[in-house]
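Below are the chains, spelled out letter by letter.
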Amino acid sequence: MSDAPPVSAGDGGPDRPPIWSRPERGSRGPAPAHSRDAIVVAAVALADAEGLAAVSMRAVASALGTGAGSLYRYLSSRDDLLDLMTDRVIGELRPYPQAEGDWLDTMVLLGRRQLALFGAHPWLLDVFHRASGVGPESLAWFDNCIRVLEPLPCAVTAKFEAIAMMTGVVSLFARREAAGAGALSFAGVDLAAYPHLVAAFGQPSVPAPRADLVERTLRSLLTGLLLAEAG
């Protein structure tokens, strides 16, 4: 038996309205036994426990004690479900920090919250970039970032670029953490053919920076993109 929805006239296609603007459920069929929210909660729990590949309409329906066909009264496809899952967990970035102090401190804090969110929901790394997944919570997060950056005189396009780059860099750190990557090591490697590496390792050690790599990277990125633009 397939996990695909039943085909019917008017199911739509590429021009179908996004899931956010569609009714909670179809107007036909028996009274609802579940809510769209309950379906999304079950799907997120499944993805957190077993990974994104485990999330199918059938598996989510099983977790709810119903048949896969019943879910299509609320959703048209697994893509709809992924979009709803994405937006739901992005809502966990709330409450947003107040931008009463330095804008850069606030943006770094937002970046750290993003990193923690990716850590809590590793599957998010595989779906957050989907254009169809930009829902109300994603828009609210962007709106908040623009609020934080409001004092800067640079163009709004530069602000959007900086927000996008921050998210991209944070996702790279999250992938690195998910892979369990540690410090770069050449232990056991003969470096004789690589004189610049030999010279670099021969340099005297210096105290470790007070800020970790995540903070240093985000501060350098944001100031480089926004302060240079403002100047």
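A brief look at the structure comes next. Please read these numbers as outputs of a predicted model, since none were measured by experiment.

## Overview of the pattern of salt bridges
Consideration 1: In total, this model carries ten salt bridges according to the counting rule given.
Consideration 2: Between Asp79 and Arg130 there is a salt bridge, with its nearest N and O atoms 3.6 Å apart. Highlighted residues: Asp79 in helix H4 (residues 78-90) and Arg130 in the loop between helix H5 (103-120) and helix H6 (136-148), separated in sequence by 51 residues.
Consideration 3: Asp79 gets classed as partly exposed once you look at its relative accessible area, which sits at 42%.

## Considerations on a nonpolar patch on the surface
Consideration 1: Among the surface-exposed residues, Tyr194, Leu197 and Phe201 lie close enough to one another that they form a single nonpolar patch of about 310 Å² accessible area.
Consideration 2: Positionally, Leu197 belongs in helix H8 (residues 195-201).

## What to know about the side chain of Asp83
Consideration 1: Along the chain, Asp83 turns up in helix H4.
Consideration 2: A distance of 3.0 Å separates polar atoms of two side chains, one belonging to Asp83 and the other to Arg130.
Consideration 3: A polar side-chain atom of Asp83 sits 3.5 Å from the main-chain amide nitrogen of Gly133.
Consideration 4: Ignoring anything within four residues of it in the chain, the contact list for Asp83 reads Ile19, Trp20, Arg130, Ser132 and Gly133.

## Focus on helix H1 (residues 36-50)
Every α-helix carries 3.6 residues per turn, so stepping three or four residues along brings you back to the same face.
Consideration 1: Helix length check: H1 (15 residues) gives 21 Å between terminal C-alpha atoms against 21 Å at 1.5 Å per residue, within 8%.
Consideration 2: Buried within H1 are the following residues: Arg36, Ile39, Val40, Ala42, Ala43, Val44, Leu46 and Ala47.
Consideration 3: Next to the buried residues of H1 lie helix H2 (57-64), helix H3 (68-71) and H4.

## Some words on the packing of H1 against H2
Consideration 1: Following both chains from N to C, one finds H1 and H2 inclined at 110°, their axes separated by 9 Å at the closest point. Here H1 is positioned roughly perpendicular relative to H2, judged by the angle of their axes. Residue-level contacts link Ala38, Ile39, Ala42, Ala43 and Leu46 of H1 to Ala59, Val60 and Leu64 of H2.
Consideration 2: Partitioned by chemical class, the residues of the contact of H1 with H2 number eight nonpolar, no polar and no charged.

The rules behind each value
- Residues numbered from 1 in each chain as written.
- Predicted model: local features only at pLDDT ≥ 70, side-chain atom pairs only at ≥ 80, totals over all residues.
- Heavy atoms only, no water.
- Salt bridge = Lys/Arg side-chain N within 4 Å of Asp/Glu carboxyl O.
- Helix = DSSP H or I, 4+ residues; strand = E, 2+ residues; numbered from the N terminus.
- Buried < 20%, exposed > 50% of the residue type's maximum accessible area, 1.4 Å probe, protein only.
- Patch = residues over 30% accessible without salt bridge, like charges linked within 9 Å, V, L, I, M, F, W, Y side chains within 5 Å.
- Areas by Shrake-Rupley, 256 points an atom, 1.4 Å probe, with all protein chains shown as cover.
- Polar contact = N/O pair within 3.5 Å; in protein donor to acceptor, adjacent residues only side chain to side chain.
- Contact = heavy atoms within 4.5 Å.
- Expected span 1.5 Å × (residues − 1).
- Axes fitted to C-alpha atoms, helices over the stretch in contact; angles between N-to-C directions.
- Parallel < 35°, antiparallel > 145°, perpendicular 65-115°, else oblique.
- Nonpolar A, V, L, I, M, F, W, Y, C, P; charged D, E, K, R; others polar.

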